[in-house]
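Architecture at a glance
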Amino acid sequence: DAGVTQSPTHLIKTRGQQVTLRCSPKSGHDTVSWYQQALGQGPQFIFQYYEEEERQRGNFPDRFSGHQFPNYSSELNVNALLLGDSALYLCASSGGRWANEKLFFGSGTQLSVL
Amino acid sequence: SQQGEEDPQALSIQEGENATMNCSYKTSINNLQWYRQNSGRGLVHLILIRSNEREKHSGRLRVTLDTSKKSSSLLITASRAADTASYFCATAETGANNLFFGTGTRLTVIP
């Protein structure tokens, strides 16, 4: 049973560029959440997708957008990259009645903005 | 903003000793969870305690929750070098679908 997979593992971009990160949830999970983790900090919630809709959003600007596909996989898009967007981006999946119980995380995408 | 604050920020112990980490939070919660993260990669769920529970055990892990003080503690007994990692508490607020993570405790277990 494959867990949560994310791609790519590492990415280097320059300021102003756009980036797309991808996530496949754990088999049987229908909810995907994205988190940003700056170095030395805890993960911060970006948004959550369920039934192809953004169900909840954290305190992130509109430059951060996402999508969920019918197979529950998800993409995170970041436009007009800033140096401060450099971080580890984590995808987490969950399922069942409660979306905020026992999240399964992928290994993350390390984004560096130069 | 992050809901939880962990204490201490870093902890170094000898193998075989117990490690205790504390977490404080600010609002009403449905549950509190603890996660482990090795080398800045993905987080692994360790244990969940609901707001109406006071203590929970899982293997070498013991979690307590005091909702009146808005605090929780994670005890790892008989620590091993493989327990070296960062540990985060995460809270699920009432009515919210996401988790709020703390700043983490970096645990080093010396063989």
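As for unusual backbone geometry
For residues that are not glycine, phi is negative in most cases, and the peptide bond is trans in most cases. The omega torsion across Ser7(A) and Pro8(A) is -10 degrees, close enough to zero to call that bond cis. Within the element layout of this structure, Pro8(A) appears in the loop between β1 (5-7) and β2 (10-13). The peptide bond linking Asp7(B) to Pro8(B) adopts the cis configuration, its omega dihedral lying at 0 degrees. Counting through the fold element by element, Pro8(B) comes out in the loop between β1 (5-7) and β2 (10-14).

A look at the nonpolar core
Ranked by internal contacts, the top residues of the largest apolar core, which has 21 residues, are Leu32(B), Trp34(B), Leu74(B), Ile76(B), Tyr87(B) and Leu107(B). When contributions to this core are tallied by element, the ones reaching two or more residues are β3 (19-24), β4 (29-37), β5 (43-50), β7 (61-66), β8 (71-76), β9 (85-93) and β11 (105-110) of chain B. Leu11(A), Phe60(A), Leu76(A) and Ala87(A) belong to the second largest nonpolar core, which has 20 residues in total.

Looking at the state of the cysteines
Residue and element names in this part refer to chain A. If you walk through the whole model with that rule in mind, you get 2 disulfides over all chains. Each sulfur of the disulfide joining Cys23 and Cys91 lies 1.8 Å from the other. For the disulfide bridge between Cys23 and Cys91, the dihedral angle about the S-S bond is near -60 degrees, and by the sign convention the bridge is left-handed. In this pair, Cys23 sits in strand β3 (residues 19-24) while Cys91 sits in strand β9 (residues 87-94), placing the two residues 68 residues apart along the sequence.

Details of the sheet that holds β3(B)
All names here are of chain B. The strand order across the open sheet formed by 5 strands is β1-β3-β8-β7-β6, and the pairing between neighbours is antiparallel. The open sheet terminates on both sides in strands that have one partner only, identified here as β1 and β6 (55-58). Each neighbouring strand pair of the sheet contributes to a mean axis angle of 20 degrees, computed without reference to strand direction. Bridging between β3 and β8 involves 6 bridges; their strand directions are antiparallel. Bridge pairing in β8 links Ala19 to Ile76.

Some thoughts on the sheet that holds strand β7 (residues 64-68) of chain A
All names here are of chain A. What the 4 strands build is an open sheet, ordered β1-β3-β8-β7; its pairing is antiparallel. The open sheet is flanked by β1 and β7, the only strands paired with a single partner. Going across the sheet, the axis of each strand differs from the next one's by a mean of 20 degrees, ignoring polarity.

What about the interface of chain B and chain A?
Counting residues at the interface gives 22 residues for chain B, matched by 24 residues for chain A. Summing both sides of the interface, chain B and chain A together bury roughly 1,900 Å²; the carbon and sulfur share of this comes to 45%. Taken together, the connections running from chain B to chain A amount to 11 residue pairs in polar contact (both at pLDDT 80 or more). Listed by contribution, the elements that provide at least two residues to the side of chain B that touches chain A are β4, β5 and β9 of chain B. The residue inventory of the side of chain B that touches chain A, partitioned by class, reads 8 nonpolar, 12 polar and 2 charged.

Cut-offs and rules
Residues numbered from 1 in each chain as written. Chains lettered and ligands numbered in written order. Predicted model: local features only at pLDDT ≥ 70, side-chain atom pairs only at ≥ 80, totals over all residues. Heavy atoms only, no water. Helix = DSSP H or I, 4+ residues; strand = E, 2+ residues; numbered from the N terminus. Core = buried A, V, L, I, M, F, W, Y, C linked by side-chain atoms within 4.5 Å. Buried < 20%, exposed > 50% of the residue type's maximum accessible area, 1.4 Å probe, protein only. Disulfide = S-S within 2.5 Å. Pairing = 2+ DSSP bridges. Axes fitted to C-alpha atoms, helices over the stretch in contact; angles between N-to-C directions. Contact = heavy atoms within 4.5 Å. Buried area = accessible area lost by both parts, 1.4 Å probe. Polar contact = N/O pair within 3.5 Å; in protein donor to acceptor, adjacent residues only side chain to side chain. Nonpolar A, V, L, I, M, F, W, Y, C, P; charged D, E, K, R; others polar.

Everything listed here is a matter of geometry and, on its own, says nothing about what the molecule does.
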